[in-house]
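# Remarks on the overall topology
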Amino acid sequence: MDKFFSDSYSFSGQLVSGPSAFRKLYALYGYFQGKNATEILLNVDELEWMDANLCAVLDSIIFVLNRDFGHQFFIDKKHVEGKFEIFERNGFIKSSADNRVLIDNRDTSIRLTRFNSESDSDFFAYIGEDLFGHQAFGEIPEIKSKLLEHFLEVFANIQTHAKSDGPIFACGQYYPAIQVLKFTLVDIGIGFFGPISEFTKGNVTSGKEAIIWALGEKNSTKLDAPGGMGLTFLKTYCEENNHGFQIVTDGICWTNEKSLLNFWEVEKFPGTTINLTFNCK
């Protein structure tokens, strides 16, 4: 371990958007929650790959561990250079030692951004311009008119039901070689289960049931209901257009992948993560 740090945490292998990556990322929270404040080296030397959009998840975990337990995280630039420059281009690493910021001249990243729950106009501009205005959607420009309103409904639902006293995290990345854009949105509120259980007067009894309820058309078309109509439309749209969709909340990861297992257990972490993989072909 580096002599300047009292603890370290290592990621290895690949972190590709999906249940396995969420398990590995939220294990970081599980490992350090409740421990005395310390300075921690985040070691990515053995990390082969990480989807850049997952920086929203990692940033939210680091934020909560600092806010609630006082932990401070550092990363060794020699582990990043030549391997994960995207962490600088998308803003996860703020600057280099000589205070220079690497510009994303390839125009593939959707910058890691934190929004407060009252910044409707900033979120609207970010989703409308940075996400749906991205070059990735050049062949499907209609996606903006179809989805923008529903993203705003998701944001409004976070404002109403998440009860978060922290920022909302967002980040995206376009992979032109495979024509896929991945986008992640994270709030650090109270998750789905509490509000939905209360709304249904106790009829929803688990995190898994809460996700199913939030995605159900009869339940989610109620504008005052946790989940709102945004999630239902996103689910349907993704199913019809071959896009990936994942929700992580209350220790459960749901995925719309066509497989025998659509629910996975992960480390419990405050709030909800929504992850989308857009097929831009």
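Refer to the structure printed above.
Below, the structure is looked at part by part. (Residues numbered from 1 in each chain as written. Predicted model: local features only at pLDDT ≥ 70, side-chain atom pairs only at ≥ 80, totals over all residues. Heavy atoms only, no water.)

## Things to note about the sheet that holds strand β5 (residues 72–74)
So the rule is basically this: Pairing between strands requires that DSSP locate at least two bridges from one strand to the other. Think of it this way: any DSSP run of H or I at least four residues long counts as a helix, any run of E at least two long counts as a strand, and we number them from the N terminus. Here, axes are lines fitted to C-alpha atoms. For helices the fit covers the stretch in contact, and angles between N-to-C directions go from 0 to 180 degrees.
Here we have three strands laid out as an open sheet, ordered β1-β3-β5, and parallel in their pairing. The strands lining the two open edges of the sheet, one partner per strand, are β1 (7–10) and β5. Going from strand to strand, the sheet's axes swing by 30° on average, the running direction of each strand aside. With three bridges joining them, strand β3 (residues 39–43) and β5 adopt parallel strand pairing.

## Considerations on the environment of Ile75
Selection rule: A contact between two residues is defined here by any heavy atoms of the two lying within 4.5 Å.
With respect to the secondary-structure elements, Ile75 resides in the loop between β5 and α3 (77–80). Along the backbone, Ile75 and Glu129 are 54 residues apart, and their C-alpha atoms lie at a distance of 31 Å. Setting aside chain neighbours within four positions, we find Ile75 in contact with Leu41, Leu42, Val44, Val80, Phe87 and Ile93.

## Concerning the pairing of strand β9 (residues 244–249)
Regular strands place their side chains on alternate faces of the sheet. Inclusion rule: Note on classification: 1.4 Å probe, protein chains only; a residue is buried when its accessible area is under 20% of the maximum for its type, exposed when over 50%, partly exposed between these limits.
With respect to burial, β9 is a largely interior element, six of its six residues being buried. What you see with β9 is no split at all: Gly244, Gln246 and Val248 on one side and Phe245, Ile247 and Thr249 on the other are buried throughout. Relative to strand β10 (residues 252–255), β9 runs antiparallel, the two being bridged by four bridges. When the bridges of β10 are listed, Thr249 appears paired with Ile252. With antiparallel pairing between neighbouring strands as the criterion, β9 and β10 make up a hairpin whose turn holds two residues, including Asp250 at a positive phi of roughly 55°.

## Examining the packing of aromatic side chains
Let me state the cut-off plainly: Aromatic rings from Phe, Tyr and Trp, taking only the six-membered ring of Trp, are treated as a pair when their centres fall within 6.5 Å; an angle between ring planes under 30 degrees marks them as stacked, one over 60 as edge-to-face, and anything in between as tilted.
Scanning the entire structure with this criterion turns up 23 aromatic pairs. Between Tyr9 and Phe11, the aromatic rings sit 5.4 Å apart at their centres with planes inclined by 70°, giving edge-to-face as the arrangement. On the basis of relative accessibility, which here comes to 14%, the residue Tyr9 falls in the buried class. With a relative accessible area of 5%, Phe11 lands in the buried category. Seen in terms of ring centroids, Phe137 and Phe278 are 5.5 Å apart; in terms of plane orientation they differ by 85°. Their pairing is edge-to-face. With Phe137 in the loop between α5 (120–131) and α6 (142–162) and Phe278 in strand β12 (residues 272–279), this residue pair connects regions lying 141 residues apart in the sequence.

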